[in-house]
Amino acid sequence: MGPSGSGKSTFINILIGQEVASVGHELQSHTAHIQHFTLTHPDYPNRRIVIIDTPGFDDTSVDDREILRRIAVWLARSYDANMRLAGIIYLHEITQPRMLGTSRKNLDLFAKLCGPEAIRNVILITTKWSDLPRHDVGEARESQLKAEHWKHMVDMGSRIHRFDGKQRSARRIVNYILAKEPLDALQIQTELVNIGELLAETEAGRTLRFTLQELLKMQKVMSTNLRRGVEEDISMHEKVFENEEKIRVTLKQIKELNIPLSRKIIRFLGFV
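Given the structure is predicted, the values throughout are model-derived calculations rather than measurements.

The next thing to look at is the pattern of salt bridges. Counted under the stated rule, the structure contains four salt bridges. With a shortest N-O distance of 3.6 Å, Glu93 and Lys128 are connected by a salt bridge. Here Glu93 is found in strand E3 (residues 88-93), whereas its partner Lys128 is found in the loop between strand E4 (122-127) and helix H4 (135-149), with 35 residues between them in sequence. With relative accessibility at 30%, the residue Lys128 sits in the partly exposed group.

To continue, consider the packing of helix H1 (residues 8-16) against helix H6 (residues 167-178). Put simply, H1 and H6 touch, their axes get as near as 8 Å, and they point 100 degrees apart. Regarding the angle of H1 to H6, the classification is roughly perpendicular. On H6, the residues touching Phe11, Ile14, Leu15 and Ile16 of H1 are Gln167, Ala170, Arg171, Ile173 and Val174.

Our next topic: the sheet that holds E4. Judged by pairing direction, the sheet is parallel, and its three strands sit side by side in the order E3-E4-E5 without closing on themselves. Both edges of this open sheet fall to E3 and strand E5 (159-162), since each of them pairs with a single strand only. Adjacent strand axes in the sheet meet at a mean angle of 25 degrees when their direction is disregarded. As judged from the six bridges shared by E3 and E4, these two strands associate in the parallel manner.

Let us now look at H6. Along an α-helix, residues three or four apart share an orientation, since each turn contains 3.6 residues. Helix length check: H6, at twelve residues, gives a terminal C-alpha distance of 16 Å against a target of 16 Å (1.5 Å per residue), a fit within 8%. At its buried positions, H6 is contacted by H1, strand E1 (35-41), strand E2 (44-53), E3, E4 and E5.

Another aspect to go through is the packing of aromatic side chains. Under the defined criterion, the tally for this structure stands at one aromatic pair. Their ring planes at 70 degrees and their centres at 4.9 Å tell us that Phe11 and Phe163 sit as a pair that is edge-to-face. Here Phe11 is found in helix H1, whereas its partner Phe163 is found in the loop between E5 and H6, with 152 residues between them in sequence. Judged by relative accessible area, which is 6%, Phe163 ranks as buried. The side chain of Arg162 reaches across the aromatic face of Trp129, ending 4.3 Å from its centre.

Next up on the list: the nonpolar core. Counting residues in hydrophobic clusters, the biggest one holds 26 residues, and the most contacted among them are Ile88, Phe110 and Cys114. At the level of elements, helix H2 (64-80), E3, helix H3 (101-114), E4 and H4 are the ones that each hand at least two residues to this core.

So, how was this worked out
Residues numbered from 1 in each chain as written. Predicted model: local features only at pLDDT ≥ 70, side-chain atom pairs only at ≥ 80, totals over all residues. Heavy atoms only, no water. Salt bridge = Lys/Arg side-chain N within 4 Å of Asp/Glu carboxyl O. Helix = DSSP H or I, 4+ residues; strand = E, 2+ residues; numbered from the N terminus. Buried < 20%, exposed > 50% of the residue type's maximum accessible area, 1.4 Å probe, protein only. Axes fitted to C-alpha atoms, helices over the stretch in contact; angles between N-to-C directions. Parallel < 35°, antiparallel > 145°, perpendicular 65-115°, else oblique. Contact = heavy atoms within 4.5 Å. Pairing = 2+ DSSP bridges. Expected span 1.5 Å × (residues − 1). Phe/Tyr/Trp six-rings, centres within 6.5 Å; stacked < 30°, edge-to-face > 60°. Lys NZ or Arg CZ within 6 Å of the ring centre and 35° of its normal. Core = buried A, V, L, I, M, F, W, Y, C linked by side-chain atoms within 4.5 Å.

What follows is the structure, encoded as structure tokens:
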């Protein structure tokens, strides 16, 4: 898992040793559906390993609600099929100078999907080190991730690794996961399958509500600044317009999450 463009599909291709996952090279998100690939690992010849490639929550063509639904459906079906989840790889491109708003939301949703019990089986991966102008720049950003954005997850047992773009590096990451005790279920699997909660009432669904609150706060501040003549320029008006559009999209996502249980089951079966 990870934001769009973080190198999820590239990681899978290098791990398997051939191009099985489609990789995007434009600004638009490329992976729009859940994809899975079977891997024969030389160190675990008797073990069937399935690698899952998921869309990022900041996908340019599919909204967060739909991505959340697709991941939830796949997880629920795998849980019903008695598939045991070995671990979760979260990828983050080290070339990002700071943690953007979309990346923070992506990470928040990811953490809520996993739940506290699964955090110890999460590997936080930094990618695209070769794209940095200097290695020390990446080390400084990695230290900031450890001390701030990833601190909570690291404190709960997650581990941080670097992916250098080579198969040996990818296998070392997977080996670390396979050496750990498999998970019984992610939090969203437990909530959807065992408890039967609606998606809007899961932790991941509540994160969308928090996003709306933050957007509304931001809109209030920007509107106040415009009335007072602070930064009254074209760019500020554009920011207000963009934020209004984000509010409309988030409201639509939350509204569509709140669907009756019968309709949810129909959607799970793929009839809608």
